[in-house]
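# Commentary on secondary and tertiary structure
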Amino acid sequence: MRYSGRPEAGRRLARSVAHLRDANPVVLALPRGGIPVAREVAHALDAPLDVLVVRKLGVPWQPELAMGAIAEGGFRVLNEDVIRIGRVAEDSIERIEARERTELDRRARLLRGGKERTSLSGRTVVLVDDGMATGATAAVACLAARESGAERVVLAVPVASPEAARRVRAVADEVVCPFTPADLGSVGAAYDDFHQLSDDEAARLLEPA
């Protein structure tokens, strides 16, 4: 299975979460790549769209490999296996987290344009990203949504590795993913167009239609 781009992936993912339409859902995109996907899902569910800003904590010498993730509200999840195998020192983790926390705060302000976060209290929250390789960012997002008052947390992505899906099922009430290839090398491999969104493009996609 391949997707032409994130909007098409969102439309196809929306069919897989159609059963949530009557659950009074809130759709939260994981920026930036999750925003075009989540926009399509929110439209199909007739649900409000907001973001939950998360940042991957990359291994110092291989930034694309997640050793953990942070989310708004001060939440952090670490992948102890990656840290142990990579022999990542605690001071390196703290330094990377401080840098990513600064970027997280900047991005949250920019994407919301000064608007308040949508209340999640008592709601079904549908967290949407463009895919999961390790599940680190999705896992911390699930924890953050639950601690913010969500009654039910659903993680929905167009593509994920089987390992990532299993990891997130431990912290989400439901994981929806129509494509879990055993040999997923990267999320981008499932897309024809997987360009990196700019902050301006991401902010525009969050504007009301």
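For clarity, every value in this text was computed on a predicted model and none was experimentally measured. (Residues numbered from 1 in each chain as written. Predicted model: local features only at pLDDT ≥ 70, side-chain atom pairs only at ≥ 80, totals over all residues. Heavy atoms only, no water.)

## Structural notes on the sheet that holds strand β5 (residues 75–78)
Selection criterion: A pair of strands is labelled paired if DSSP reports no fewer than 2 bridges between them. To qualify as a helix, a DSSP run of H or I must reach at least 4 residues; to qualify as a strand, a run of E must reach at least 2; elements of each kind are numbered from the N terminus. Under this scheme, a helix contributes an axis fitted over its contacting stretch, all axes are lines through C-alpha atoms, and angles between N-to-C directions fall in the 0 to 180 degree range. Whether two residues are in contact is decided by their heavy atoms: any pair within 4.5 Å suffices.
As summarised here, the arrangement of the 3 strands in space is β3-β4-β5, forming an open sheet in which the pairing is antiparallel. Among the strands making up the open sheet, the edge pair consists of β3 (54–59) and β5. In this sheet, adjacent strand axes meet at a mean angle of 40° when their direction is disregarded. With 4 bridges connecting them, strand β4 (residues 62–71) and β5 associate as antiparallel partners. Paired with Ala 69 across the bridge in β5 is Val 77. Lying over the sheet, helix α4 (residues 90–112) contacts β3, β4 and β5, oriented at roughly 155° with respect to β3. Each of β3, β4 and β5 touches helix α5 (residues 136–147); the most contacted strand, β4, lies at about 5° to it.

## A few points about the packing of helix α1 (residues 6–16) against helix α2 (residues 34–45)
Convention followed: What makes a crossing left-handed is the near helix being turned counterclockwise from the far one by less than a right angle; a clockwise turn instead makes it right-handed. For this classification, the nonpolar set comprises Ala, Val, Leu, Ile, Met, Phe, Trp, Tyr, Cys and Pro, the charged set comprises Asp, Glu, Lys and Arg, and every other residue, Gly included, is treated as polar.
The contact between α1 and α2 brings their axes to 7 Å, and the two run at 35°. Here the hand of the crossing between α1 and α2 comes out right-handed. Residues Arg 6, Pro 7, Ala 9, Gly 10, Arg 11, Leu 13 and Ala 14 of α1 touch α2, and the partners they reach there are Pro 36, Val 37, Glu 40, Val 41 and Ala 44. When the residues that make up the contact of α1 with α2 are grouped by side-chain class, the tally is 8 nonpolar, 1 polar and 3 charged.

## So, helix α6 (residues 162–169)
For clarity, the threshold we go by: Note on exposure labels: buried denotes an accessible area under 20% of the residue type's maximum, exposed denotes more than 50%, and partly exposed covers the range between, all computed with a 1.4 Å probe on protein chains only. The directions considered for the arc are those from the helix axis to the C-beta atoms.
Within α6 the residues assigned to the buried category are Pro 162, Ala 164, Ala 165 and Val 168. Buried residues of α6, viewed axially, fall in a sector of 165°; they line one side. The inward-facing, buried residues of α6 contact α5, β7 (152–156) and β8 (174–176).

## Brief notes about the nonpolar core
The condition that has to hold: Among buried residues, those of type Ala, Val, Leu, Ile, Met, Phe, Trp, Tyr and Cys that are joined through side-chain atoms within 4.5 Å constitute a nonpolar core.
Residues Val 27, Val 41, Met 67, Val 128 and Tyr 191 are the most contacted members of the largest nonpolar core, which totals 44 residues. With sequence-adjacent residues up to four places away left out, Val 41 is seen in contact with Gly 10, Leu 13, Ala 14, Val 17, Val 27 and Val 128. Counting residues in each nonpolar core, the second largest holds 30 residues, with Ala 71, Val 77, Leu 120 and Ala 136 among its members.

## Quick word on the pattern of salt bridges
Our working definition: The working definition used for a salt bridge is a side-chain nitrogen of Lys or Arg within 4 Å of a carboxyl oxygen of Asp or Glu.
Within this structure, the stated rule accounts for 19 salt bridges. The residue Asp 130 makes a salt bridge to Arg 6 at a minimum N-O spacing of 3.0 Å. A residue pair is termed long-range when its members are at least 10 positions apart, and Asp 130 in the loop between β6 (124–128) and α5 and Arg 6 in helix α1 qualify at 124 residues. The class of Asp 130 is buried, set by a relative accessible area of 7%. The class of Arg 6 is buried, set by a relative accessible area of 6%. The residue Asp 50 makes a salt bridge to Arg 112 at a minimum N-O spacing of 3.3 Å. You can see Asp 50 sitting in strand β2 (residues 49–51) and its partner Arg 112 sitting in helix α4, a full 62 residues away along the chain. Here Asp 50 falls in the buried class, since its relative accessible area comes to 8%.

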